[in-house]
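# A structural walkthrough
One letter stands for each residue in the lines below.
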Amino acid sequence: MTALPLLDIRDLTVEFSTRRGTVRAVEHVDIAIAKGETVGIVGESGSGKSVTSYAAMRILDRAGRIADGSVTFTGIDVRQASESDMRALRGREMSMIFQNPRAALNPIRKVGRQIVDVLRQHAQADASRLGEKAIEILEQVRIARPRERYHAYPFELSGGMCQRVVIALALACRPQLLIADEPTTGLDVTTQKTVMELIVELTRQRGMSTILITHDLGLAATYCDRIVVMEKGRVVESNVAKAVFTAPEHPYTRKLMRATPRPGASLRELLPEDTAPPAAAPAAPNGNGSHGGPLLVVEKLVKEYPRKGNNALGKLFGRSPPTEPETFRAVDGISFTIDRGESVGLVGESGCGKSTTSTMVMRLIDQTDGAIVFNGEDIGAIPAKQFARLPQRKRIQMVFQDPTDSLNPRFTAARAIADPILRLGDIKGRNAVRARCEDLARRVGLPIDLLDRFPHQLSGGQKARVGIARAIALDPDLVILDEPTAALDVSVQAVVLNLLQELKESLGMSYLFVSHDLNVVRLLCDRVIVMQAGRIVEQGPTEQVLFAPAADYTRELLTAIPHPSFHA
Amino acid sequence: MSELTLPNGGAPPEAAPRRSSGFMATLRHARYIISDNPVTGFSFALFTIIFIAALFGPYIVPYDPLASDTVAALKGPSAAHWFGTDQLGRDVFSRVVVATRLDFIIAIASVALVFLMGGLAGIAGGFFGGWTDRIVGRIADTIMAFPLFVLAMGIVAALGNTVQNIIIATAIVNFPLYARVARAEANVRREAGFVLAARLSGNSDMRILLGHILPNIMPIMVVQMSLTMGYAILNAAGLSFIGLGVRPPTAEWGIMVADGAAFMVSGEWWIALFPGAALMVAVFCFNLLGDGLRDIVDPQRRT
């Protein structure tokens, strides 16, 4: 490595004072970043990867402080530097890209103006040329029609576009170090690919160093030179990217590698090596009202929304001639079936209509047109408002995307699981309901003593288990899984996916698995439906769709997934 | 499979063995909040004093608050009469302490009433949207269109000069505050995952509203209630000050200030000052209390 690293973190310890005393978020971390190098810091939530980079920029929040160690940036001691020196450094010499691009932009200021602000603050251009310079920068981050987009507000741009603007802001002053904190989490895979390629290309052009903080091993493997793996505030492994993936040394790295869904690995293989296989549970299909045909038949389902923008005011002043149709078709005439005991994956990028479809099947919103035939009965004909109290409600349940958001913060886990039982179940009496809750908790592997905790006292994986227990409390025939693992760490995701598979086998349910992640869908689903812009572009058996895709769009999705596979 | 506790998964590890009962946990949490924030501790202490005065006031004061003693009229503060005496020789200290109960009752009753009216109407408006929202919103706007104190005066003047009507007037005047806060909070939660989940569990709209959304809004409403307590006391005292509402010779802070105001110019400052100070301390206390209460009831901070 070069003689003097650009950023040298030595023996860094960061402490946070909380009501439970001092907590060490980062302990004795050594990371050196050479000029022009891209380093990935990989770890699960709570591993201290973000805190390390915040400490390097000295933007820790009030409760946190650097307790020990040193941070040297281009020879400047960051710990000792004055606040005004640090302000000059941040943005001009080192800058940062945050996870949520929309939150990082000022919502009421035009994006061009925001770039101008940064330029002016660091005196990067003549006052007369600021605007031109901003447009130039927008062009560099490959925003089409930069002159128009200069006047756009953040809400007028897509998530990927916003992230490009954030990158433009971060790179406006040509910093030497870029810290990207989960820059593509929450973006679609195809957008992720273009954004990551943009970052890599720009940093290479300018000879910048980059720290990529991510939970995604595949992403780090694809774009980084060197990888630092962190666990519980410590660096457990640090090596050249290729070496980390071909010959991981630390057990934690191996565990992470195993848990990452990848082509060719089965669901069981995601779990740590020493996990005992589940007791073989006999498949006992739900016999309720079974008749010969498929469980769910969706025919020519359509959902239209009134278009925004064509508002009454515009019409009043005779502006905006209605060139576009008055309505927007979120779901455009799709048909599919789900058999008993089958899992079907519904895949697509954000805005493709997959969530709208699942919400309609769920009978939470009414469709504009089409039929939803469940168990031989057209439940699509029943208005969503009335559906809540019908016995059919019991037969279709759902596991939500965000385990935190989907649990009432003021209900204990037991109360949350009991809710559907109390409203729709046959079990009466406090003790019987409690017994049923405990039974369900055992089923989903939630320790019984956690049942009396509130959601904020549970970890992400435990909350996911509560959500699953609630969904299966009424023995439904169909469970809709709306990205049930999107908010979880990979190792937890592996466990939850296995749990779902096990439950399906033992309870004989059918799944409709809504996801953007083809690798995850592959593990759990028998068949896959790929959606784009409200239509089905491809459907068929999982292996066929994933290994011999017929549609270009499916191929595009598949190639956009980064995976640590250069040893293959 | 059961060891899913994450490495740093958020659940505080040592929380489990210390759980005894919900009440003890709340007490422990309250103690933590108070020791964490001395201002909150101070406001709680103040509240306790006010509460005791309201509860036991008439039994602990040295003099009968209504007994006049013309010989001892208009005497300044002394060892016998800590806050001095008024023009009829009544002990100002006794009257200030005894008045606490009446003002306290007016404040609590009006806040409870406005919570039931405004809070529930606001939650319904925010949750159902559409016409419910429009009607609640327009009622709030109409009330806001009047200068609030003048409106309260009008209501008391129209309904009659009683404590009950002061309570109603104060509640109506505060209606928009509650309706708007509750509406905004309910509206945010309308699309939350747990509301959808509740719907899937077969909960009716009413049950979702009262069983799922209301408990989540309570922390904010409690803060709101504490803040309006101060305002309600001020409002009641103001009405009494101008001769509406509580009538003399009943001991009430507003009337006492009104009585004493005439004597300020002639140098008998204590008659108006002490009830005025009591009023100020009470309002101050309730405002501080609001912040402290939020910390206690907020589930995000309770571990």
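Residues numbered from 1 in each chain as written. Chains lettered and ligands numbered in written order. Predicted model: local features only at pLDDT ≥ 70, side-chain atom pairs only at ≥ 80, totals over all residues.

## Re the pairing of strand E3 (residues 38–42) of chain A
Residue and element names in this part refer to chain A. Most of E3 sits out of view: five of its five residues are buried. In E3, alternate side chains face the same way, and those of Thr38, Gly40 and Val42 on one face and Val39 and Ile41 on the other are all buried. In the sheet, E3 pairs with strand E8 (residues 209–214) via five bridges, with the strands oriented parallel. Bridging from a neighbouring strand, Gly40 pairs with Leu212 of E8. Sheet topology note: the E3/strand E9 (residues 226–231) ladder contains four bridges and is parallel. For Ile41, the partnering residue across the bridge sits in E9 and is Val228. (Buried ≥ 20, exposed ≤ 12 C-beta atoms within 10 Å, placed from the backbone. Helix = DSSP H or I, 4+ residues; strand = E, 2+ residues; numbered from the N terminus. Pairing = 2+ DSSP bridges.)

## So, unusual backbone geometry
Residues and elements named next belong to chain A. Its identity is not glycine, yet Thr74 carries a phi of approximately 45°, on the positive side. Position of Thr74 among the secondary structure elements: in the loop between strand E4 (64–73) and strand E5 (76–77). Despite not being glycine, Asn375 shows a phi value in the positive range, around 60°. One can find Asn375 in the loop between strand E14 (369–374) and strand E15 (377–378).

## Describing the sheet that holds strand E12 (residues 327–338) of chain A
Two strands in a sheet stick together by hydrogen bonds in their backbones, pointing the same way (parallel) or opposite ways (antiparallel). Residues and elements named next belong to chain A. Overall, antiparallel pairing links the four strands, which are arranged E12-E11-E14-E15 in an open sheet. Across the chains shown, the open sheet's two edge strands, defined by having one partner strand only, are E12 and E15. Note: strand E11 (residues 296–306) against E14, five bridges, orientation antiparallel. Looking at the pairing, Leu296 lines up with Phe374 of E14.

## Considerations on the pairing of strand E16 (residues 396–399) of chain A
All names here are of chain A. Every second residue of E16 is oriented toward a common face, with Ile396 and Met398 on one face and Gln397 and Val399 on the other, all of them buried. Where E16 meets strand E17 (residues 478–482), four bridges bridge the pair, whose relative direction is parallel. If you follow Met398 over to E17, its bridge partner there is Ile480.

## Some thoughts on the sheet that holds strand E20 (residues 535–541) of chain A
All names here are of chain A. Spatial ordering of the open sheet is given by E16-E17-E18-E13-E19-E20, a layout of six strands whose pairing is mixed. At either margin of the open sheet sits one strand with a lone partner, and together these are E16 and E20. Adjacent strand axes in the sheet meet at a mean angle of 20° when their direction is disregarded. (Axes fitted to C-alpha atoms, helices over the stretch in contact; angles between N-to-C directions.)

## Some points on the confidence of the model for chain B
Summary statistics for chain B give a mean pLDDT of 81 and a share of 89% for residues scoring 70 or more. Between residues 1–20 of chain B, whose pLDDT stays under 50, and residues either more than four places distant or in other chains, the model counts 39 contacts. (pLDDT = per-residue confidence, 0-100. Contact = placed C-beta atoms within 7 Å.)

## A word on the packing of helix H3 (residues 92–128) of chain B against helix H8 (residues 205–241) of chain B
All names here are of chain B. The contact between H3 and H8 brings their axes to 8 Å, and the two run at 140°. It follows that H3 is oblique to H8 by the angle criterion. Where H3 crosses over H8, the handedness of that crossing is right-handed. Residue-level contacts link Asp103, Ile106, Ala107, Ser110, Val111, Val114, Phe115, Gly119, Ile123, Ala124 and Phe127 of H3 to Leu209, Ile213, Leu214, Ile217, Met221, Met225, Thr228, Met229, Ala232, Ile233, Ala236 and Ala237 of H8. (Parallel < 35°, antiparallel > 145°, perpendicular 65-115°, else oblique. Left-handed = near helix turned anticlockwise from the far one by under 90°.)

## Looking at the environment of Lys242 of chain A
Residue and element names in this part refer to chain A. With respect to the element layout, Lys242 can be found in helix H10 (residues 241–246). Assessed through the 15 C-beta atoms surrounding it within 10 Å, Lys242 is described here as partly exposed. Taking C-alpha positions, Lys242 is 21 Å from Pro5, a pair spaced 237 residues apart along the chain.

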